[in-house]
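# Chain and residue survey
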Amino acid sequence: MTAISSEIVLSVRSIEKSYGKNHVLRGVDLDVHRGEVVCLIGASGSGKTSLLRCMNLLTEPDKGEIVIERAPLFRSIGDERLKLSGRQVSAVRIKTGMVFQSFNLFPHRTALENIIEAPLVVKKVPRAEAEAQALELLTGMGLPDAGHKYPSQLSGGQQQRVAIARALAMQPTIMLFDEPTSALDPELVREVLAAIRQLSAEGMTMVIVTHEIGFAYELADRIVFMDQGVVAASGAPRELLLSNSNPRLASFVGRFTEQARLLGPLTSQATAPSTASSNKG
Amino acid sequence: MKFDPSIVLANWDILAYGLLVTLKYTIYTCGIGLAIGLLVALLQLAPWPLLRLTGRVWVEFFRNIPLLVLLMWTYYALPIFLQIQIGKETAGVLGLGFYASGFYAEILRAGVQSVDRGQTDAAIALGMGYVQRMNRIILPQALRRMVPPLMGQTIMQLKNTTLLSVLTIPDLLYQAGYISSFTYRPMEVYTVIGAVFILLLFPLSALSRRLERKEAA
């Protein structure tokens, strides 16, 4: 784990959101510190994706407050409501980089063009500079030769890594991942998780909505368990996942530990043949 | 009775004039239809319900009124309602243009809405404003999908100009009637007219089909 500073990068307070009668967020508070990796887990419909989308105001909450690096992005408390222009919202929003479940690469643009698009038109970075940076990012994602390819010519795992590079190109302070591996074939999950792991090692602040409990356990500094629109439990991975304080969390985690227990014999068998062969030799 | 197209060909100048009129009205009314259609599509995509409703009403009105009724109404009824004089040319262009706008608006709206919501999300998350998103991300993807239906509608539009003959606008069909009236050869005249329309539109249809295949690939 990299060092986490006490500085709060992103803060959400009393976030509430309803879709019609469906009250998906019922007052969520969350602080994310610089360098921290927070994993949001919970069942479908628990509000974790809605919460993530509120963090960069892709979804506008009904009530609450969102502050990124001391800059207010949203505030609606009682009768007080902060009015920001589209430009002001955008200026705060680009401190975040978002990676989506279904990648959402621009299909009419090559990988390289996807990455330089926002630096070019939003930040007005000169093209040569943007391209050099994009190539560097692609190389960092293990895709040095993918620049001229269109998204349809790339595998899901490659597309998601391009999407991560695209978000990084805006040099965000915090990365938001919305179930980044859920749309991937199982064999492609690993390469995307490796890319995220690498970002964590570089000290990137991240909020990750994920169903990969094992990954969350390994990578997160803090796991937040959401249930019925609130933070039902939160803490360091080990303590949280092992604690039995919240029965719904216990049953949620139970499914995964049960799976791990059932697969346990496989891991011991996997090592057995190699030992046998080395004995022979 | 022997089929003798030479009678028609002897009056080719009358038909050529009709063809020019048909093409002229097709271009005018498609232009008006696209311009108004774009505006109405934007209304339908607007974030405010009142604007969306306005766009919706426009589309429903012109998509549901029979074109012949609309043309008759524009030429005979509208001038009385508004106490103004409208020539048949103006009435024809307005009627046909407004009619087309309803269909074009739907094609444009559906094209924009067919682009995955995730594309907008991604563009917003990257800090792009409305105009940047539309110009650089949404419209380039939507336009490709719009081309085949837009061509189809334009073909319809050319065929619809034949209804202008009821307002005595000398389009291809009206001219055919005229030739037939003094040659007494409707068989030859209308056969040739039919052939001209098919020869005119077949390449357009073929092109549209090709674009559709390219789009699907």
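Just so it is clear, the model here is predicted, and its values are computed rather than measured.

### Focus: the overall build of chain B
Secondary structure summary: chain B contains nine helices and zero strands in total. In terms of overall dimensions, chain B has C-alpha extents of about 75 × 50 × 25 Å along its principal axes. For chain B, the proportion of its 217 residues judged to be buried stands at 35%. Of all intrachain contacts in chain B linking residues separated by at least 6 positions in sequence, the fraction that spans at least 24 positions is 76%.

### Regarding the overall build of chain A
Along the backbone of chain A there are nine helices and eleven strands. By the compact-globule yardstick of 19 Å for 281 residues, chain A fits well, its C-alpha radius of gyration being 20 Å. Principal-axis analysis of the C-alpha atoms places the extent of chain A at approximately 75 × 50 × 35 Å. With 281 residues in all, chain A has 41% of them scored as buried. Partitioning the intrachain contacts of chain A with sequence separation of at least 6 by distance along the chain shows that 65% fall at a separation of at least 24.

### As for the pairing of strand β9 (residues 205-209) of chain A
Residue and element names in this part refer to chain A. Along β9, five of the five residues are buried, which leaves the element largely enclosed by surrounding structure. Burial of the side chains of β9 extends over both faces: Thr205, Val207 and Val209 are buried on one face and Met206 and Ile208 on the other. Here strand β3 (residues 37-41) pairs with β9 via four bridges, running parallel. Within β9, the position partnered with Val38 by the bridge is Val207. Taken together, the five bridges between strand β8 (residues 174-178) and β9 define a ladder with parallel strand orientation. Opposite Asp178, over in β9, you have Val209 as the bridge partner. In this fold, the crossover linking β8 to β9 by way of helix α6 (residues 186-201) has right-handed handedness.

### Some points on the nonpolar core
Counting 117 residues, the largest nonpolar core has Leu40(A) and Val207(A) as its most contacted members. The dominant element in this core, judged by the number of residues it contributes, is helix α5 (residues 88-113) of chain B, at twelve residues. Ignoring any residue separated from it by four or fewer positions in sequence, one finds Val207(A) in contact with Val32(A), Val38(A), Leu40(A), Leu52(A), Met55(A), Ile174(A) and Leu176(A). Of all hydrophobic cores here, the second largest spans eight residues; its members include Val8(B), Leu173(B), Ile179(B) and Ile193(B).

### Brief notes about the interface of chain A and chain B
Note: interface size is frequently given as the accessible area lost on complex formation between the parts. The interface of chain A with chain B comprises 17 residues on the first partner and 15 residues on the second. Contributing elements (two or more residues each) for the side of chain A that touches chain B: α2 (86-93) and α3 (111-121) of chain A.

### Brief notes about unusual backbone geometry
Residue and element names in this part refer to chain A. Of note in this structure, Phe103 is not a glycine but carries a positive phi near 65 degrees. By the element assignment, Phe103 lies in the loop between β7 (96-99) and α3. Using a count of 24 C-beta atoms within 10 Å as the deciding quantity, one classes Phe103 as buried. The phi torsion at Gln228 lies on the positive side, around 50 degrees, for a residue other than glycine. Take Gln228: it is sitting in the loop between β10 (222-227) and β11 (230-235).

### Focus on the sheet that holds β9(A)
Paired through their backbone hydrogen bonds, the strands of a sheet run either parallel or antiparallel. Residue and element names in this part refer to chain A. An order of β7-β8-β9-β3-β10-β11 is seen for the six strands of this open sheet, with the pairing classed as mixed. Only two strands of the sheet have a single partner each, and these edge strands are β7 and β11. Within the sheet, the average angular offset between the axes of one strand and its neighbour, ignoring direction, is 20 degrees. In this structure, β7 lies alongside β8, joined through four bridges in parallel fashion. Within the sheet, the bridge partner assigned to Thr96 lies in β8 and is Ile174.

### Comments concerning the confidence of the model for chain A
Overall, the prediction assigns chain A a mean pLDDT of 90, with 94% of residues at 70 or greater. Taken as a whole, residues 274-281 of chain A scores under 50 in pLDDT and shows zero contacts with residues more than four places along the chain or in a different chain.

### So, the environment of Arg185(B)
Residue and element names in this part refer to chain B. Relative to the helices and strands, Arg185 is located in the loop between α8 (172-183) and α9 (186-216). Sequence separation of Arg185 and Leu51 is 134 residues, and the distance between their C-alpha atoms is 53 Å. Ignoring anything within four residues of it in the chain, the contact list for Arg185 reads Ile7 and Ser180.

### A few points about the packing of helix α3 (residues 49-64) of chain B against α5(B)
All names here are of chain B. Contact pair α3 / α5: the axes reach a minimum separation of 8 Å and the direction vectors enclose 120 degrees. Classed by the angle they form, the pair α3 and α5 counts as oblique. The handedness of the crossing between α3 and α5 is left-handed. Touching Gly55, Trp58, Val59, Phe62 and Arg63 of α3 are Phe98, Tyr99, Ser101, Gly102, Phe103, Ala105 and Glu106, all from α5. Here the residues of the contact of α3 with α5 are counted per class, giving seven nonpolar, three polar and two charged.

### As for helix α7 (residues 130-160) of chain B
Residues and elements named next belong to chain B. Counted at 1.5 Å a residue, the expected span for α7 with its 31 residues is 45 Å, but the 37 Å between its end C-alpha atoms falls short. Along α7, the helix axis deviates most sharply at Leu139, where the bend reaches about 50 degrees; the proline Pro140 sits within four residues downstream. Along α7, the positions that sit buried rather than exposed are Ile137, Ile138, Met146, Pro148, Leu150, Gln153, Thr154, Gln157, Leu158 and Asn160.

### A closer look at the sheet that holds strand β2 (residues 22-33) of chain A
All names here are of chain A. Ordered by their spatial adjacency, five strands build an open sheet running β2-β1-β4-β5-β6, and the pairing between neighbours is antiparallel. The open sheet has two free edges, formed respectively by β2 and β6 (80-81), since each of these has just one partner strand. The strands that helix α1 (residues 48-55) touches are β1 (8-19), β2 and β4 (63-68); relative to β1, the one it contacts most, it runs at about 120 degrees.

### Let's talk about the packing of α3(A) against helix α4 (residues 127-140) of chain A
Residues and elements named next belong to chain A. Relative to each other, α3 and α4 sit at 130 degrees, their axes nearing to 9 Å. Classified by the interaxial angle, the pair formed by α3 and α4 is oblique. Here α3 and α4 pass one another in a crossing that is right-handed. In this structure, α3 uses Ala111, Leu112, Ile115, Ile116, Pro119 and Leu120 to contact α4, whose residues at the interface are Arg127, Ala130, Glu131, Ala134, Leu137 and Leu138. Broken down by class, the residue content of the contact of α3 with α4 amounts to ten nonpolar, no polar and two charged.

Parameters and conventions
- Residues numbered from 1 in each chain as written.
- Chains lettered and ligands numbered in written order.
- Predicted model: local features only at pLDDT ≥ 70, side-chain atom pairs only at ≥ 80, totals over all residues.
- Helix = DSSP H or I, 4+ residues; strand = E, 2+ residues; numbered from the N terminus.
- Buried ≥ 20, exposed ≤ 12 C-beta atoms within 10 Å, placed from the backbone.
- Contact = placed C-beta atoms within 7 Å.
- Rg over C-alpha atoms; globule rule 2.2 N^0.38 Å.
- Pairing = 2+ DSSP bridges.
- Right-handed = clockwise from strand over helix to strand, strands pointing away.
- Core = buried A, V, L, I, M, F, W, Y, C linked by C-beta atoms within 7 Å.
- Axes fitted to C-alpha atoms, helices over the stretch in contact; angles between N-to-C directions.
- pLDDT = per-residue confidence, 0-100.
- Parallel < 35°, antiparallel > 145°, perpendicular 65-115°, else oblique.
- Left-handed = near helix turned anticlockwise from the far one by under 90°.
- Nonpolar A, V, L, I, M, F, W, Y, C, P; charged D, E, K, R; others polar.
- Expected span 1.5 Å × (residues − 1).
- Bend = angle between axes of the 7 residues up to and from the residue.

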